[in-house]
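A closer look at the structure
Each chain, letter by letter, is given below.
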Amino acid sequence: MPRPIALTLILVLATSIVIDHTGAATEAYITKAGRTIAVNEFGVTTITDDLVVYNNGTTPLETLDWGFPKSYSSRLEVLEATGSAAEILKTERIANETSPTQWLRCRFTKPVSPGGTYEIKVRSIFSNLLSLEGGDYLFTFSAYPTVSLRAEVCNSTMILPKGATPKEWANKSFTATEIEGRPALVGVEKPLEPFSSKEISFKYSSDAQELVFFRSIRREITITPNGEVTSKDTYKITNSGGELNSLTIPRPKNSSPMLLYDSAGSIQERLQVQGDSMTVQPRFGKLARDTSFTFTLEYGLPQ
């Protein structure tokens, strides 16, 4: 399945290091941990892990190992680790061919002294974590962070697109709720053991869910001798979800007027512009599952 190219990979990987976690021991632990998984209406999943590390040892602590199931490596689009002052942390990929986990070592900007704490946030974005099963969507991933330290308690919150209805999940420690108008599942693990990977799989229904993947986006900007600026943006998309009536994308700032056409000519009547967004409909009304659609938007920009 194609991966969206609209996301920019900002994962900073230094030279790979080889580490064997077997028998690893440390006096540091995580006093508080939380994972928030947010699935948007386009099938992109943002995962945010908030961790508070406490150094209970006698020597400074310099790193924390964070991981995710290796089977999802090709679906990782973005990863960024930040420290207590929102500084970006250097990450190193840990090479271990026998481990089912893809480990990344997050290196603190300064060592954590004995008795000290350090807050770390790991934000990752994955594509293709959703699949279509009948009329429902199936989501599968790790419910809690996989880390090298024991966490006293870890809360997990999974937020679905607005209007979605959670249907089936085997892990009954999770309960359904609502967060800021969006359906959600919440659970807690106490304690969260080091190196553990607890996967959750659940189904939900949604009329608004779209599994659209941008195979390519090409922008051509033209500047005339008198200073007029025109942009042509060509999108090639593939629908991997249910039948799609239209596609909503952001409207370029200060763009006017807006023209829409495909390879056969103008389809201006298929374009609706509303504030900061635009809705595009295919020439023949609907886009079936596993079919593609290429269209071009042409518009002027301020000089």
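All values reported here derive from a predicted model rather than from experimental measurement. The numbers attached to residues start from 1 for each chain and follow its sequence in the written order. Totals for whole chains, interfaces and linings use all residues, but because this is a predicted model, local features are given only for residues with pLDDT of at least 70 and pairs of side-chain atoms are given and counted only at 80 or more. Computation of side-chain values covers all heavy atoms of the structure but excludes hydrogens and water.

The next thing to look at is the sheet that holds strand β24 (residues 291-301). Sheet architecture is open: 5 strands sit in the order β17-β18-β24-β20-β21, paired in antiparallel fashion. Each having just a single partner strand, β17 (212-223) and β21 (265-266) make up the two edges of the open sheet. Strands were regarded as paired on the criterion that DSSP finds at least two bridges between them. The numbering of helices and of strands both runs from the N terminus, where a helix is a DSSP run of H or I of at least 4 residues and a strand a run of E of at least 2. Where strand β20 (residues 258-262) and β21 come together, 2 bridges link them in antiparallel fashion. Counted as the bridge partner of Asp262 is Gly265 from β21.

Here we come to the nonpolar core. Residues enter a nonpolar core if they are buried and are Ala, Val, Leu, Ile, Met, Phe, Trp, Tyr or Cys, with the set joined through side-chain atoms within 4.5 Å. Note on classification: 1.4 Å probe, protein chains only; a residue is buried when its accessible area is under 20% of the maximum for its type, exposed when over 50%, partly exposed between these limits. Residues Ile120 and Phe202 are the most contacted members of the largest nonpolar core, which totals 49 residues. Residues within four places of Ile120 in sequence aside, it is in contact with Asp49, Asp50, Leu51, Val53, Leu64, Thr82, Leu89, Cys106 and Phe108. Contacts between residues were defined by any pair of non-hydrogen atoms, one from each residue, lying within 4.5 Å.

Here Arg107 shows up in strand β7 (residues 101-112). Taking C-alpha positions, Arg107 is 9.5 Å from Leu61, a pair spaced 46 residues apart along the chain. Not counting residues up to four positions away in its chain, the partners in contact with Arg107 are Glu62, Thr63, Leu89, Lys90 and Glu92. We call two N or O atoms a polar contact when they sit within 3.5 Å, provided that within protein one can donate a hydrogen and the other can accept it, with sequence-adjacent residues counted only if both atoms are side-chain atoms. Within the local environment of Arg107, its side chain forms a polar contact with the side chain of Glu92, the two groups lying 3.1 Å apart.

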